[in-house]
Amino acid sequence: MMPLLGVTGMTKRFPGVVALDSVDFEVRAGEVHVLVGENGAGKSTLVKVLAGSFPPDAGTVSLDGAECSIRSPSHARAVGISVVFQELSLVPQMSVAENLFLGREETTSGLLRRRTMARRAREALESVGASSIPPAILVRDLSPAARYLVEFAKATMARFTVLLLDEPTASLTSHEAERLFTVIDRFRAEGKGIVYITHRLEELARVGDRVTVFRDGRRVATLPVRGAGQEVLIKYMTGREVQEVFPPLRGTPGDAALRARGMTTASGLRNVDLDLHAGEILGVGGLIGCGKSELGRALFGLEKVTAGTVELFGQPVPGAALRPDALIQRGVMYFPADRRGEGLVLNRPVIENITLASLPSFERAGLLQKSAEWKTGLRLIDRVRLRPPQPGARTAVLSGGNQQKVMLMKGLVRAVRIYLFDEPTQGIDIGAKAEIYQFLHRLAADGAAVLFITSDLLELLNMCHRMIIFYRGRVSAALAHGEATEERLLRHYFGEIQEAIRERAG
Ligand SMILES: Nc1ncnc2c1ncn2[C@@H]1O[C@H](COP(=O)(O)OP(=O)(O)OP(=O)(O)O)[C@@H](O)[C@H]1O
Ligand SMILES: [Mg+2]
């Protein structure tokens, strides 16, 4: 069968890396072709070449069998290629409707046009299941998920035959993702060809027909989704077996490092008791909105605590000292769930992002000690295994997972005894995840206390000495490693036990 889109011998080099190395790839009509691979494997680069963002160094593209060299983004659109990039491109200060029509030539002037635009905007949003977003609202007032849907509506408003989606579900909840899948199903039924990039392997069975794996700029496999178990894919992506991904849990936790009793917050935590020990990884699970993120924020003084007590290393922390700066002084560091490099200065080099938050420690007599800064930076780059290890690279050109590692390094410049991590592996590939797992294990083995908030059941089951599950702002269960099974965890996620406890308590 003639593919809708074919790519042959595609090669793209950047200074120091071959992002695409003679890649062959195709998309058929009525197919969702999933593209997976570790951070930096070249997935987004393929998308960008097809989108006309930059030309390849070698290789050809064909559409419906006819060779076609894509000269520019507008040329790509003209030949029927629509793209939603990994980095969003909306203008925050403009309305949804204005953004939808930005760069399109809808040029009749006056009132009628405004009204037509509003109507077409509403239709476009509705067609992607986002009718609840008002066209007149400013983009800056939207959640990341809503922004994504606007971007998606924009890409699918125009006529297209091939749709390229680069990590579409990275900022969506599972419910929002499911709505997106329904829209994708419709495009597939209409005979469009869809390229779908993701790090969430569990999505493949739901959304994909075939899957291609990239590693280090090369295509290493293409296979039907039905024949591709996660273990097989992980092996293609990393060249490693799954058992090697999760390090064996070792060590016995020591004294209590952090203790909370009856912690209640304005943000909805109710009467939370928690003990986190030195040398321990304590997992925190639960559904989205259950309060697990609020816990991390509250323990770092970012939520208003209305009742309860907190102790650090056996010392009570007075309410007034429950502030980030005071907590950092006492060895506590919090790593927020952060998507798409928010919180980084993207147009500055990696090294500056690492040390920015702690510049005073690199100053002597008011002068920045460059060599000390670089020494620390290089040590951390080695510690989180940033690859390629380029401290001078502009942060914007790093892959998503590498940006996540830079986030991580920002908080590691100081001496830390209690780590509060919220979803530290979100949006990164399995190989980078494995490295972060090892890293957390090393922290615990060195005697630090690690709070590990995660939505990933495998992480709770395999990474944590103990785990607590939240349901509607309360702790619904506390389990030890070994006691927990996937099914038990899920039962607690949905609050069964919680209800029982509450009934018993009257
Ligand atoms: N504009 C650029 N300048 C320099 N190097 C780049 C640029 N864009 C990408 N690279 C490099 O090319 C390689 C491939 O990057 P790419 O963004 O395609 O990876 P990816 O598979 O999309 O990763 P991720 O899953 O993290 O998004 C990486 O080593 C990256 O650092
Ligand atoms: Mg990418």
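In this text, all values refer to a predicted model and were calculated from it rather than measured experimentally.

A.B. asks: Before we move on, can you summarise the nonpolar core with the specific residues and values?
C.D. replies: F152, L295, L451 and L489 are the most contacted members of the largest nonpolar core, which totals 127 residues. Two domains each put at least three residues into this core: domain 1 (5-244) and domain 2 (246-331 + 419-506). Excluding its chain neighbours within four sequence positions, the residues that come into contact with L295 are M263, L269, V272, L274, V284, L451, I468 and F470. The next biggest cluster of nonpolar side chains, apart from the first, holds 28 residues, and it includes V7, V47, L164 and V195.

A.B. asks: I'd like a description of the domain arrangement of the protein chain, backed by residues and values.
C.D. replies: Many descriptions give the size of an interface as the accessible area lost when the pieces come together. In terms of domain boundaries, the protein chain breaks down into domain 1 (5-244) and domain 2 (246-331 + 419-506). The C-alpha-based centres of domain 1 and domain 2 are spaced at 35 Å. The partner domain 2 presents 10 residues to the 13 residues of domain 1 that form the contact. Each partner contributes to the roughly 880 Å² buried at the junction of domain 1 and domain 2, and carbon and sulfur atoms together form 52% of this total. Three residues, N39, H199 and R240, lead the burial of domain 1 against domain 2; their summed loss comes to 38% of the area buried on that side. In this structure, the connection of domain 1 to domain 2 is made through zero salt bridges. At three residues, helix α8 (residues 230-238) tops the list of elements feeding residues into the side of domain 1 that touches domain 2. Here the residues of the side of domain 1 that touches domain 2 are counted per class, giving three nonpolar, six polar and four charged.

Procedures and definitions
- Residues numbered from 1 in each chain as written.
- Chains lettered and ligands numbered in written order.
- Predicted model: local features only at pLDDT ≥ 70, side-chain atom pairs only at ≥ 80, totals over all residues.
- Heavy atoms only, no water.
- Core = buried A, V, L, I, M, F, W, Y, C linked by side-chain atoms within 4.5 Å.
- Buried < 20%, exposed > 50% of the residue type's maximum accessible area, 1.4 Å probe, protein only.
- Domains from an automatic or database assignment.
- Contact = heavy atoms within 4.5 Å.
- Buried area = accessible area lost by both parts, 1.4 Å probe.
- Salt bridge = Lys/Arg side-chain N within 4 Å of Asp/Glu carboxyl O.
- Helix = DSSP H or I, 4+ residues; strand = E, 2+ residues; numbered from the N terminus.
- Nonpolar A, V, L, I, M, F, W, Y, C, P; charged D, E, K, R; others polar.

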